[in-house]
Structures are given as structure tokens and as C-alpha cells.
Amino acid sequence: MRAEIEALVDAVKQSIGLLRRHLDWDTAKKRLAELNQLAEDPNLWNDAEAAQKVMRERTDLDDRISAIERLDRELEDAVTLIELGEAEEDAEVIAEGENAIRALEAEAARRQVETLLSGEADQNDTFLEVHSGAGGTESQDWAQMLMRMYSRWAERRGFKVEVLEVTDGEEAGIKSATLQVKGHNAYGWLKTESGVHRLVRISPFDSNARRHTSFASVWVYPVVDDRIQIDIKESDCRIDTFRSSGAGGQHVNTTDSAVRITHIPTGIAVACQAERSQHKNRATAWNMLRARLYELELKKREEKAMAEAASKTDIGWGHQIRSYVLQPYQLVKDLRTGVTSGTPGDVLDGDLDPFIEASLAQRVYGGGGEVEDID
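Residues numbered from 1 in each chain as written. Predicted model: local features only at pLDDT ≥ 70, side-chain atom pairs only at ≥ 80, totals over all residues. Heavy atoms only, no water.

Let us now look at the environment of Ser257. With respect to the helices, strands and loops of the structure, Ser257 is situated in the loop between strand 6 (237–242) and strand 7 (258–263). Sequence-distant contacts of Ser257, defined by excluding residues within four places in its chain, comprise Phe242, Ser244, Glu275, Arg276, Ser277, Gln278 and Asn281. (Helix = DSSP H or I, 4+ residues; strand = E, 2+ residues; numbered from the N terminus. Contact = heavy atoms within 4.5 Å.)

In C-alpha cells, the structure reads:
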């Protein structure tokens, strides 16, 4: 076996060992057996809330244990495949085994990062807002590119994406959009993406083909489930209705079905126009407002913690986090971690994992600091 592949095999084994220790393997197996017994108890659903909690824990634990067992099994199969290929001098079989090990190494590394997602809302679905910055059509087109980038990233992970609100630009692109990303750990994976994203390119809207810099903001906040209580006084809110905008069916722009709720004490405003029913849009908007207020509380806690640990990098809302340069050269650079990519087309098509994983690790372990920007 080649030295490179032996090193990858060792890396996968090390990752599997770390995953087992993080899970507390023997305790986790016993707990899963207990949860399986509880799930078979016909009296479990007499208390629906308790039953849902049991089933959530059971599903999560089963998924994590099964993933580790599968990684272990598939690594052994891949090593065996390479040994068979070497014995028969079959280069094709050897290549198949080596490719399998590379894929396992990438998955094991990703699952290792996933163990960092231990915040109280990390497992929840998430809302993601995109807002264009100053610059008119240029920034509005950039905002639409970001909306597509996050949608593609979510699709790659098997997450479901629902568009809750879109405000179109005057000529092209969007002024703003709100997505709901549904999937296990959706908020945990995306929470470090909040911030200002900068694009440098030759403008397709400039007849003189000049280079333009555009900015757009991303804001990520968790969907609040029944486990999290957020009390909102209706007297503190202003509710406005308006007509939905954008492409749609024959009823679009004919009724005031879209809803905007403004929380007066904080100035937070949310809007939803995903449904034709004003009642459904209103219910979704209330959920979004609860989530925004919860995210505000999480942010306050984090800022307090970060003030006590000055070595950690400030990655809060309003700070530029990443530059995407399409001309004069091809480069994406994260300004917090220094992670770069020479293929911005792939990044804009959803290949965000290297950036997300590095920022999550930095958020937990600290270190680093703002990296010098690129022109």
C-alpha cells in the first residue's frame, strides 16, 4: 500500500477513535438500548411532548452510532480491496479502494467537525436572510448569487430549502430574501456564515467592462422549536400586510397576503410571503420573530463570552467575513480563518464546507484573528 494511502487510513482510524470517545461509546450503546425499549412501550405516546423528546434522542444517537460502525466497516472493506488488487496486480481495483478511503477520510473529518455542534440550538432548522448592500444592481445581483450558493450547499447536504420571502431588484437580482433551511444541525452548520460578503469582478452590467466591488449581508438565526420558550407581547409589535411580489401564480399581487411584523422595542422586522394565505404567512412570521429574538439573546451571550476570551475572533453581524474575487484572478478567501479556494465557481456552486468547518473550529478553539484582506 502506498505511503499516502497508509497515512489516510491512519487518519480515518484516528477520527473514528475520536468520534467513539466523544460519544462515550459504551454508555451511548447502553442508552440507545434503553431508548429502543422506551420507543416500544405503547404508553409512551400518552405524553406526546415526552415521546417526541425520546424519539429525537433515539434518532440522533442511532444515526451517530450507525455512522461510526459504517465508517469502521467500510474502511476495513476498502483496505481489503486494495490488498486484493495488489495481490492480483489489478490497478483498477486498487484505484477503487484508494478512492473509497479518500471519501471515508473526508466524511470522517466532517463528522469530527460535527461534534463541535453542541450549542443548545445547533440541531435546529435555520432561517437565512440575504440583503444586498449599497451599489444598486451590482449588489442585488450579488445577493441573488449568495442566495443560490446557500441553496446549492443545502441541497448537497440533503437539506430542504424553502423560500419564505424575496424582494426583487429593480433591474436584476434581489434586494433581500429569507430562506428556511430544514435538516439536522442546519443552524449549527450555518451559524458562522452571518456577516458581510464581498464580491470583486468585471461587472456584466457595465458597458465599459470595469471592475466592481459589491457587498451583501447574510444573517443566520435558528428556528425556535417547542423546547425553547420565547414570550412576545403582541402590544409590542406592529403588524402590516402587503401584496406579495415576484413571479407566481394568477393570485399573486391580487390580495394583501404577505405579512410583516415589527418588534418595536428591538426594531427587529420579519416578513413572509411564501403562502397565498395571510393566516399561514402570519403564523410563519411570528415563528421568524421568535427565532430572531432568540438569536439576539444567543448573540448577547456569545459577545459576553468573547469579551472574556479576547483571543477569539469577532464574527458577529456587520463584520466582513469573506471575499470572492473573480477578476483579475480567481480566489475566495475567508478573512477570519485564512482558508482560501482557487475555484470560486465551485464555492458559488455550494462548495462551502472547508470554510464552514474552519470557522466552526476557530469558534470553539479560538486562536487566529482577522486575516489580511485581498484586493
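This next bit is on a negative patch on the surface. A contiguous patch of negative charge on the surface is contributed by Glu6, Asp10, Glu83 and Glu86. If you list the elements that add at least two residues to the negative patch, you get helix 1 (3–23) and helix 3 (48–88). Along the chain, Glu83 falls in helix 3. You can call Glu83 partly exposed: its relative accessible area is 45%. (Patch = residues over 30% accessible without salt bridge, like charges linked within 9 Å, V, L, I, M, F, W, Y side chains within 5 Å. Areas by Shrake-Rupley, 256 points an atom, 1.4 Å probe, with all protein chains shown as cover. Salt bridge = Lys/Arg side-chain N within 4 Å of Asp/Glu carboxyl O. Lys, Arg positive; Asp, Glu negative; His and termini not counted. Charge placed at Lys NZ, Arg CZ, Asp CG, Glu CD. Buried < 20%, exposed > 50% of the residue type's maximum accessible area, 1.4 Å probe, protein only.)

Relative orientation of the contacting elements helix 2 (residues 25–39) and helix 3 amounts to 135 degrees, with a least axis distance of 9 Å. In terms of orientation, helix 2 and helix 3 fall into the oblique class. Taken as a pair, helix 2 and helix 3 cross one another with a handedness that is left-handed. From helix 2, Trp25, Ala28, Lys29, Arg31, Leu32, Leu35, Asn36, Leu38 and Ala39 reach across to helix 3, where they touch Val54, Met55, Glu57, Arg58, Leu61, Asp62, Ile65, Ile68 and Glu69. Considered class by class, the residues forming the contact of helix 2 with helix 3 number 11 nonpolar, 1 polar and 6 charged. (Axes fitted to C-alpha atoms, helices over the stretch in contact; angles between N-to-C directions. Parallel < 35°, antiparallel > 145°, perpendicular 65-115°, else oblique. Left-handed = near helix turned anticlockwise from the far one by under 90°. Nonpolar A, V, L, I, M, F, W, Y, C, P; charged D, E, K, R; others polar.)

Enumeration according to the criterion identifies 28 salt bridges in this entry. Here Arg292 ties to Glu129 by a salt bridge, and the two come within 3.1 Å at their closest N and O atoms. Residue Arg292 is found in helix 7 (residues 278–308), and its partner Glu129 is found in strand 1 (residues 126–132); the two are separated by 163 residues along the sequence. Several salt bridges converge on common partners, so that one network encompasses Arg70, Glu74, Glu107, Arg111 and Glu114.

Now for helix 5 (residues 137–156). The end-to-end C-alpha distance of helix 5, which contains 20 residues, comes to 29 Å, matching closely the 28 Å that a straight helix rising 1.5 Å per residue would cover. Downstream of helix 5 by a residue or two, Gly158 has a phi angle that is positive, lying close to 80 degrees. (Expected span 1.5 Å × (residues − 1).)

Consider a sheet: its strands pair through backbone hydrogen bonds, and that pairing is either parallel or antiparallel. Strands sit in the order 2-3-1-5-4-9-10-11 across an open sheet of 8 strands; the sheet is mixed. On the outer flanks of this sheet lie strand 2 (160–168) and strand 11 (340–341), each paired with one strand and no other. Relative to strand 9 (residues 320–325), strand 4 (residues 195–202) is paired through 5 bridges, and the arrangement is parallel. Across the sheet, residue Arg198 finds its bridge partner in strand 9, namely Ser323. In the packing of helix 5 onto the sheet, contacts are made with strand 1, strand 2, strand 3 (174–182), strand 4, strand 5 (211–222) and strand 9, and the angle to strand 5 comes to roughly 45 degrees. (Pairing = 2+ DSSP bridges.)

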